[in-house]
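Each chain, written out:
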Amino acid sequence: MTPLAASGSVIPLAGGGPVIPTFGGSSCKNSATFCVGWFTSNWGSLLQPALVQHIYMTVIAVVIGLAISLAAGLYAYRRGWFESGFIAFATFVYTIPSLALFLLFVPLTGLSLTTIEIGLVGYTFLLLFRNIVTGLHATPPEATAAAEGMGMTPRQILLRISLPLAIPSIMAGVRVATVTVIALAAIAADVTSLGLGKPIFDAIQSGFTTELVAPSLLLIVLALIADTLLVLVQRAITPWVRAVRS
Amino acid sequence: MHTFAQIGDFFQTHPGMLLSETANQTELCVVALAVAFVIAFPIGVVVGHLHRWSFLAINGGNVLRSLPTLAIIALGIALYGGGYINILVALVVLVVPLILTNSYVAVDGVDPGMVEAARGMGLTWWQIIVRVEIPNAVPLVMAGVRTASVYVIAGAYVGAFAGYDGTLGDIITNQGSYKLAGVLAATAVSIVLAVIGELIFAGVQRLLVPKGLKISAGRRGRGAAEAAVVPETAAG
């Protein structure tokens, strides 16, 4: 948390006041759609730290969300009441406007990274848990039968057969959860000054076009790269999927 | 407990505002859902029917899904300004992938034997789509629409960031003026709205699903329709 704690000073726009003239020199006009000079001169001080914060926030939320969802998913196996209960809870979270969920925990945990992470993790449950449970239930009966024949206990079958076979479904959930968290973490910048959402909100206030465009493009590129990386990870850890097809 | 009393007070002091914003937000959401459906459903059906160009539905859906709403709003302000069109575009982009993927997966997954039988009976390709494939796709398509309605209603408040006044976002994004109590009151209204939307579409789904399909669904077991909201086929 320490690298993020100083974020207030990383983003010098927080104080308000005249924003446009102080950045990128006088060559940047407000009307220009994209001013390269502003981008390069603010990369090190503004955009790169915001990008790093954004990645940091996303990774934490997805990892914690996945850990909780996996534990809950394994527990929910053969416990139908827990499965439907957890899905109902996760679905309910989705009906909450994201900003409100972030604000809800401010009285408890303050304007901190923890507050944001609680909200972000909450939004991963539906996507991850549902895909984990679906994947676990989709084990081919012949695989289960073969495992039983080899003398495996139900617990071993769950952990050594069903869980690995569920990886494609789980990874599909991780991909959607990741891009969702990236999107929601941007909104969260309205509560704490972290991530790529912060310069965007500043630019919405000031109307400085380059600052609207640059972090938005970074956000989109980040989401697309994250999604692509997860596809590659999935292919690497599930070689049998392609082996079966070819 | 103090806050709860304040939330109650907010309902009593701002009933007109909450009501008009709820109505306005509902209208925005209905339009966004309708536009998204008109764009996504036909593409999903055609791609699913042809069993070709599936990369269009899958990868197109994945790319759209990756676009963060705030980025679309900000780029929109830069390119075509803030306001109604801005938030409408953002909400449509938010839910097109859901409806597109589900429509494609649903039609693509219709029993080939059933389609063959229909062809053998002399049905044209158009009749096959309208009388065989779409009726069979209803449960999955509607599952997508239901989820999309929740996304749109819960997400409509970002209209306040997009320069569009009149959604509950005016209160939710303005804690300075309305205090946490006001934010939570507007949030409660938004949640109720999302739940009502979901229930309405669940009812519509029940009306639209052909009788024969309900019988066979009972045998197939639960959950199958909801699960495919997330595309397991995405990696292909």
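Data block above holds the structure.
Treat the numbers as computed from the prediction; the structure is a model and nothing was measured. (Residues numbered from 1 in each chain as written. Chains lettered and ligands numbered in written order. Predicted model: local features only at pLDDT ≥ 70, side-chain atom pairs only at ≥ 80, totals over all residues.)

Caption draft 1: Layout of the overall build of chain A. On a plain count of helices and strands, chain A comes out with 13 helices and zero strands. By residue count, 45% of the 246 residues in chain A fall in the buried class. For chain A, the proportion of contacts with a sequence separation of at least 24, taken over those separated by at least 6, is 73%. (Helix = DSSP H or I, 4+ residues; strand = E, 2+ residues; numbered from the N terminus. Buried ≥ 20, exposed ≤ 12 C-beta atoms within 10 Å, placed from the backbone. Contact = placed C-beta atoms within 7 Å.)

Caption draft 2: Examining the overall build of chain B more closely. Counting its secondary structure elements, chain B contains 11 helices and zero strands. N-terminal to C-terminal, the α/β element order of chain B is α-α-α-α-α-α-α-α-α-α-α. Dimensions of chain B along its principal axes, counting C-alpha atoms only, are 65 × 40 × 30 Å. Across the 236 residues that make up chain B, the buried fraction comes to 47%. Here the analysis covers contacts within chain B between residues at least 6 apart in sequence; of these, 79% occur between residues at least 24 apart.

Caption draft 3: Inspection of the environment of A:Leu104 at higher detail. Among the secondary structure elements, A:Leu104 is positioned in helix H5 (residues 98–104). A tally of 18 C-beta atoms within 10 Å means that A:Leu104 is categorised as partly exposed.

Caption draft 4: A look at the environment of B:Val150. Topologically, B:Val150 is positioned in helix H7 (residues 125–155). Expressed as a C-alpha distance, the spacing of B:Val150 and B:Lys211, which sit 61 residues apart in the sequence, is 26 Å. If near-sequence neighbours (up to four positions away) are discounted, B:Val150 is found in contact with A:Tyr94, A:Thr95, B:Ala194, B:Gly197 and B:Glu198.

Caption draft 5: Up close: the interface of chain A and chain B. Each partner contributes to the interface: chain A provides 39 residues, whereas chain B provides 33 residues. At the level of secondary structure, the elements contributing two or more residues to the side of chain A that touches chain B comprise H5, helix H7 (113–137), helix H10 (167–188), helix H11 (197–206) and helix H12 (209–237) of chain A. In the side of chain A that touches chain B, the residues fall into 25 nonpolar, 10 polar and four charged. (Nonpolar A, V, L, I, M, F, W, Y, C, P; charged D, E, K, R; others polar.)

Caption draft 6: Spotlight on helix H2 (residues 15–50) of chain B. The terminal C-alpha atoms of H2(B), which comprises 36 residues, lie 52 Å apart, in line with the 52 Å expected from a rise of 1.5 Å per residue. At B:Phe37, H2(B) shows its maximal kink, close to 25°. (Expected span 1.5 Å × (residues − 1). Bend = angle between axes of the 7 residues up to and from the residue.)

Caption draft 7: Broad picture of the nonpolar core. Residues A:Ala186, B:Ala36, B:Ala74, B:Val95, B:Ile99 and B:Val152 are the most contacted members of the largest nonpolar core, which totals 140 residues. Not counting chain neighbours up to four residues away, the residues in contact with A:Ala186 comprise A:Gly195, A:Leu196, A:Gly197, A:Ile200, A:Leu219, B:Pro68, B:Leu70 and B:Ala71. (Core = buried A, V, L, I, M, F, W, Y, C linked by C-beta atoms within 7 Å.)

Caption draft 8: Expanded view of the packing of H7(A) against H10(A). Residue and element names in this part refer to chain A. Closest axis-to-axis distance for the H7/H10 pair is 9 Å, and the angle between their directions is 165°. When the axis of H7 is compared with that of H10, the two are roughly antiparallel. By crossing handedness, the relation of H7 to H10 is classed as right-handed. Residue-level contacts link Ile116, Gly119, Leu120, Tyr123, Thr124, Leu127, Leu128, Arg130, Asn131, Ile132, Thr134 and Gly135 of H7 to Ser169, Ile170, Ala172, Gly173, Val174, Val176, Ala177, Thr180, Val181, Leu184, Ala185 and Ala188 of H10. (Axes fitted to C-alpha atoms, helices over the stretch in contact; angles between N-to-C directions. Parallel < 35°, antiparallel > 145°, perpendicular 65-115°, else oblique. Left-handed = near helix turned anticlockwise from the far one by under 90°.)

Caption draft 9: A look at the packing of helix H8 (residues 141–149) of chain A against helix H9 (residues 154–165) of chain A. All names here are of chain A. At a minimum axis separation of 11 Å, H8 and H9 run at an interaxial angle of 155°. Regarding the angle of H8 to H9, the classification is roughly antiparallel. Note on packing geometry: the crossing formed by H8 with H9 is right-handed. Counting all contacts with H8, which are made through Ala143, Thr144 and Ala147, the residues of H9 involved are Ile157, Ile161 and Leu165. Partitioned by chemical class, the residues of the contact of H8 with H9 number five nonpolar, one polar and no charged.

Caption draft 10: A look at unusual backbone geometry. One non-glycine residue, A:Arg78, lies in the positive phi region at around 70°. Tracing the backbone through its elements, the reader meets A:Arg78 in the loop between helix H3 (36–76) and helix H4 (80–94). Not every positive phi belongs to a glycine, and B:Trp53 is a case in point at roughly 55°. In this fold, B:Trp53 is placed in the loop between H2 and helix H3 (54–66). Taking the number of C-beta atoms within 10 Å as the measure of exposure, B:Trp53 has 13 and is therefore partly exposed.

Caption draft 11: How the structure looks around H7(B). All names here are of chain B. Spanning 31 residues, H7 covers only 38 Å between terminal C-alpha atoms, well under the ideal 45 Å at 1.5 Å per step. Within H7, the axis deviates most sharply at Val138, by approximately 55°, and proline Pro139 lies no more than four positions further along. H7 sits mainly inside the fold: 23 of its 31 residues count as buried.

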